[in-house]
Amino acid sequence: MNRDGFSLIEVLIGLIILTMGVLALASSTGYISTQVHAADVRTERSTAYGAAAEELRAMDFDSVQDVTYANARVVSRYKVWWNVDSLRWALKNVTLYSEGPGYVGGRLAQDARDSISMRIARPYP
């Protein structure tokens, strides 16, 4: 056994292992960047939904009505509109729709559509 240092084979094997690790790290950087951007887009869309939901909750129960796409509210980069269905005299189901930047099939689209539902109850007197 030679104790004078590393052999050329040991150095080459070490460099190959180090190279594979650096390449794996570099290849995951693009994926991580895409996921961070997708999270930003989802957060912005959720904020638009939240603003519309707060607007609906602030309305008088009887005045909550449909808003068509043509009259959609613009919140940041998103258009938000909704349909209202009366379930009972004291309960309405509201489906909120949005259009704006979003990921569809793994690709960023500027006109991606999404929807979410919520219920609004008549306040107890």
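Everything numeric here is computed off the predicted structure, so don't read it as measured data. (Residues numbered from 1 in each chain as written. Predicted model: local features only at pLDDT ≥ 70, side-chain atom pairs only at ≥ 80, totals over all residues. Heavy atoms only, no water.)

**What to know about the pairing of strand 2 (residues 78-88)**
Sheet topology places strand 1 (residues 73-75) next to strand 2; three bridges connect them, and they run antiparallel. Following the sheet pairing, Arg73 is matched in strand 2 by Val80. The hairpin formed by strand 1 and strand 2 contains two residues between the paired strands, and Ser76 there has a positive phi angle of roughly 60 degrees. By the bridge criterion, nine bridges tie strand 2 to strand 3 (residues 91-104) in an arrangement that is antiparallel. Looking at strand 3, one finds that Trp81 is bridged to Tyr97. (Pairing = 2+ DSSP bridges. Helix = DSSP H or I, 4+ residues; strand = E, 2+ residues; numbered from the N terminus.)

**Quick notes on the nonpolar core**
In terms of nonpolar packing, the biggest core is built from 19 residues, with Leu56, Trp82, Val94, Leu96, Met118 and Ile120 touching the most fellow members. For this core, the leading source of residues is helix 1 (residues 8-58), giving six residues. Every residue in contact with Leu56, bar those within four places of it in the chain, is listed here: Val64, Trp82, Val94, Leu96, Met118 and Ile120. (Core = buried A, V, L, I, M, F, W, Y, C linked by side-chain atoms within 4.5 Å. Buried < 20%, exposed > 50% of the residue type's maximum accessible area, 1.4 Å probe, protein only. Contact = heavy atoms within 4.5 Å.)

From the geometry alone we can't say anything about function, so treat these as descriptive.
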